[in-house]
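One letter stands for each residue in the lines below.
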Amino acid sequence: MGESLARKILKAHLVEGELIKGKEIAIKIDQTLTQDATGTMAYLQFESIGIDKIRTELSVSYIDHNTLQTDFMNADDHQYLMSVAKKYGIHFSRPGNGICHQVHLERFAKPGKTLLGSDSHTPTAGGMGMIAIGAGGLDVAVAMAGGAFYLEMPSIVKVILTGKLQPFVSAKDIILELLRRLTVKGGVNKIFEFTGDGVKTLTVPERATITNMGAELGATCSIFPSDEITKQFLIAQGRENDFVQMDADSDATYDEEIEIDLSTLEPMVAKPHMPDQVVKISEIEGLPIDQVAIGSCTNSSLKDILAVASIVDGKTVAENVEAALAPGSKNVILDAIKLGALEKISNAGFRLLESACGPCIGMGFAPNSKGRTLRTFNRNFKGRSGTEDAEVYLVSPEVAAYSAIMGKISDPRKAKDVKFYNLPEKYTVTENLIIKPLSDEERKNIEIVRGPNIKPCPSNTALPESLKAKVLLKTGDNITTDDIMPAGAKILPLRSNVPEISKYVFERVDPEFYKRAKEEGIGFIVGGDNYGQGSSREHAALAPMYLGIKAVIAKKFARIHKANLINFGIIPLVFDNPSDYDTIAQGDELEMPNIKKELDTGYVTAVNKTKNITYKLKVDTSGRFINILKAGGLLNYVR
Ligand code: MIC
Ligand code: SF4
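The structure displayed is predicted, hence computed values, not measured ones.

### Concerning the site of ligand 1
With respect to spatial proximity, 14 residues lie near ligand 1, and among them Asp-119, Ser-120, Arg-384, Ser-536 and Arg-537 are the closest. Contacts to ligand 1 include Ser-120, whose side-chain N or O atom sits 2.5 Å from an oxygen atom. The residue inventory of the shell around ligand 1, partitioned by class, reads 2 nonpolar, 7 polar and 5 charged.

Take a look at the structure:
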């Protein structure tokens, strides 16, 4: 029986378990990446493991999120991260070099390898034929120390692409179409493997736009084959030696199949406030806008920037619109300068932002009050832009560029006299902002630099025999990690300081949460479906743990957040009878009299003391993870 590409790579990296859907497996990790917002905690944890050098083939530490630097905190983190990288043999991508996923694709991603990154959009590298997975910082720290990565064997979905995109329709529209069909929870515990003739019509950065936003489907990862197009990209990057051809067997079997005819797609728009609120542009064309932002790890490649330049060439951004663009990497900037694209974009009135995450994570360029903003990003969760009542629409660079000129949501297929660029055969390749690992001799002399905002990573206590506490919050469905632990200019700098950042837990959902949690000292959270979707930030588990949260009872969990909860000793429980959710209210007192023993049985009994109801709750994990929970988290377990 033939095998899918995803299975082949997983098989070659399997260290424990069997590749049976839903079963726990452990895989060897070849490469890791971290970014600065999750990196400080990840490296503090790595330091506490106590080995003297990374054990991966390659690990890269990027600075791209926390670059606003309104005070000393971000800059201190940068110094800490650089010193850790030098100490332990890690590549360090300096601020200004670009967004981690774009740079990784350009300089480091290799077909057939595994990558684990402390950022949910790590699957971007799947555009290069990698199994690339997002995880919490602690999992990445363990992988850097040579430990395997444990996950539930996902089901593998075959996505057959046929036909060819029409002009002005782009890769973004393909993934928006998938989101329209499958929703933000449609990909949980799945790998999306792209096949079919349509694949050959997509360049590597276009493939990466698609695998990037597989994260929004909740997918474990997404993958494209490594073919002639991949080879051309690697040649253009001066990395032809990294090319290996990789594909599924022609008779490979899959768990599910989806087909998309690229030639029938039109430009799509994800409406506020979820990436799956997708409609065809024809349904909302003409809506006035206030802002356009182009960039992020989804759409900041040279191809994207060139498309924007072609569309805005000789035009001016409409008076009612503020527009900005952040290229994905320094090398993209250099090529865009060389080809005259930045000149056109700047002349049209776009503000040129630095090559970093920026507005995508609420670090500057927030919209006006009730502003309607069109963004080429991947997430439009309420409040994430920095403006609570803004409306964020997710679109392709083509839609963003043409709408900026027109002052309203506009279909780029109506643009006249657009002359598109051809992509260069060779990209500009510079690596002077990447600090390479030092020799063992040099590493010995490196002192780690720790600024005053960098506080140790708190740890949990072992699980007691029983638990009794109040429900401190009850939420609805699709709660994001941005809801649990917001980011943005004010809060992101506190990532290295858990006591401080914990003051903002659930701030947007319920500003009283922190106070209540502090008063009680212990508690439970009740969540709905797809609880914890979105980012990989372990702070969304770490900070609640710090506030005394012992378990989350939900209808269903998002993958990375569930893993983070377990890593910090918070028990993920799901209602055996989903309608029990309706009988619990905030403030109810729950008792789990036998929780520690019951964990092994897979079910926990909880008594709602306030309502006098008994619930059967399923422990949403098994095997080794149960022992981690009993120990009070992964660090305790490893110790
Ligand atoms: C995001 O897009 O939400 C982030 C910021 O990149 C996060 C990581 C983080 O919170 O630091 C992610 O996607 O994992
Ligand atoms: Fe950065 Fe935004 Fe990508 Fe997250 S989604 S890595 S914040 S660009």
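### Some words on helix α3 (residues 72-88)
Compared with an ideal rise of 1.5 Å per residue, which puts 17 residues at 24 Å, α3 spans 24 Å between its outermost C-alpha atoms and is within 8% of the ideal. All buried positions along α3 are accounted for by Met-73, Asn-74, Asp-76, Asp-77, His-78, Tyr-80, Leu-81, Ser-83, Val-84, Ala-85 and Tyr-88. Buried residues along α3 sit against α2 (36-49), β4 (58-62), β5 (91-93) and α14 (440-444). At the N-terminal boundary of α3, the capping side chain belongs to Asp-71, with an oxygen 2.9 Å from the backbone nitrogen of Met-73. Trailing α3 by a residue or two, Gly-89 shows a phi angle of about 85 degrees, which is positive.

### A look at the environment of Lys-185
Along the chain, Lys-185 falls in the loop between α6 (171-182) and β10 (190-195). On a C-alpha basis, the gap between Lys-185 and Leu-116 in space is 21 Å, while along the polypeptide they are 69 residues apart. Each residue touching Lys-185, except ones within four places of it in the same chain, is listed here: Leu-217, Asp-529 and Asn-530. Within the structure, the side chain of Lys-185 is placed 2.8 Å from the side chain of Asp-529, a separation counted as a polar contact.

### Quick notes on the site of ligand 2
The environment of ligand 2 is formed by His-65, His-101, Asp-119, His-121, Ser-296, Cys-297, Cys-357, Cys-360, Ile-361, Asn-378 and Arg-384. Partitioned by chemical class, the residues of the shell around ligand 2 number 4 nonpolar, 5 polar and 2 charged.

### Description of the packing of helix α7 (residues 204-212) against helix α8 (residues 228-236)
If you want to describe how two helices pack, look at the angle between their axes and the distance between the axes. The interhelical angle for the contact between α7 and α8, taken along N-to-C directions, is 110 degrees, at an axis separation of 9 Å. Here α7 is positioned roughly perpendicular relative to α8, judged by the angle of their axes. Contact with α7, carried on its side by Val-204, Pro-205 and Arg-207, involves Ile-229, Thr-230 and Phe-233 of α8 and no other residues of that element. Taken together, the residues of the contact of α7 with α8 break down into 4 nonpolar, 1 polar and 1 charged.

### Considerations on the pattern of salt bridges
Tallied over the full model, the rule gives 42 salt bridges. One salt bridge connects Arg-107 with Glu-431, and the closest N-O pair in it is separated by 2.8 Å. Here the residue Arg-107 occupies a position in helix α4 (residues 100-107), and Glu-431 occupies one in the loop between α13 (397-406) and β20 (434-435), the gap between them amounting to 324 residues. What makes Arg-107 buried here is its relative accessible area of 10%. The exposure class of Glu-431 is partly exposed, given its relative accessible area of 25%. For the salt bridge of Glu-216 with Arg-379, the shortest nitrogen-to-oxygen distance reads 2.8 Å. Of the two residues, Glu-216 is situated in the loop between α7 and β11 (221-223) and Arg-379 in the loop between β18 (372-375) and β19 (391-394); the sequence distance between them amounts to 163 residues. Here the two residues Glu-216 and Arg-379 agree in accessibility, since each one is buried. Within this structure, Lys-28, Asp-30, Glu-57 and Lys-113 form a network of salt bridges that share partners.

Parameters at a glance
Residues numbered from 1 in each chain as written. Chains lettered and ligands numbered in written order. Predicted model: local features only at pLDDT ≥ 70, side-chain atom pairs only at ≥ 80, totals over all residues. Heavy atoms only, no water. Near = heavy atom within 4 Å. Polar contact = N/O pair within 3.5 Å; in protein donor to acceptor, adjacent residues only side chain to side chain. Nonpolar A, V, L, I, M, F, W, Y, C, P; charged D, E, K, R; others polar. Helix = DSSP H or I, 4+ residues; strand = E, 2+ residues; numbered from the N terminus. Expected span 1.5 Å × (residues − 1). Buried < 20%, exposed > 50% of the residue type's maximum accessible area, 1.4 Å probe, protein only. Contact = heavy atoms within 4.5 Å. Axes fitted to C-alpha atoms, helices over the stretch in contact; angles between N-to-C directions. Parallel < 35°, antiparallel > 145°, perpendicular 65-115°, else oblique. Salt bridge = Lys/Arg side-chain N within 4 Å of Asp/Glu carboxyl O.

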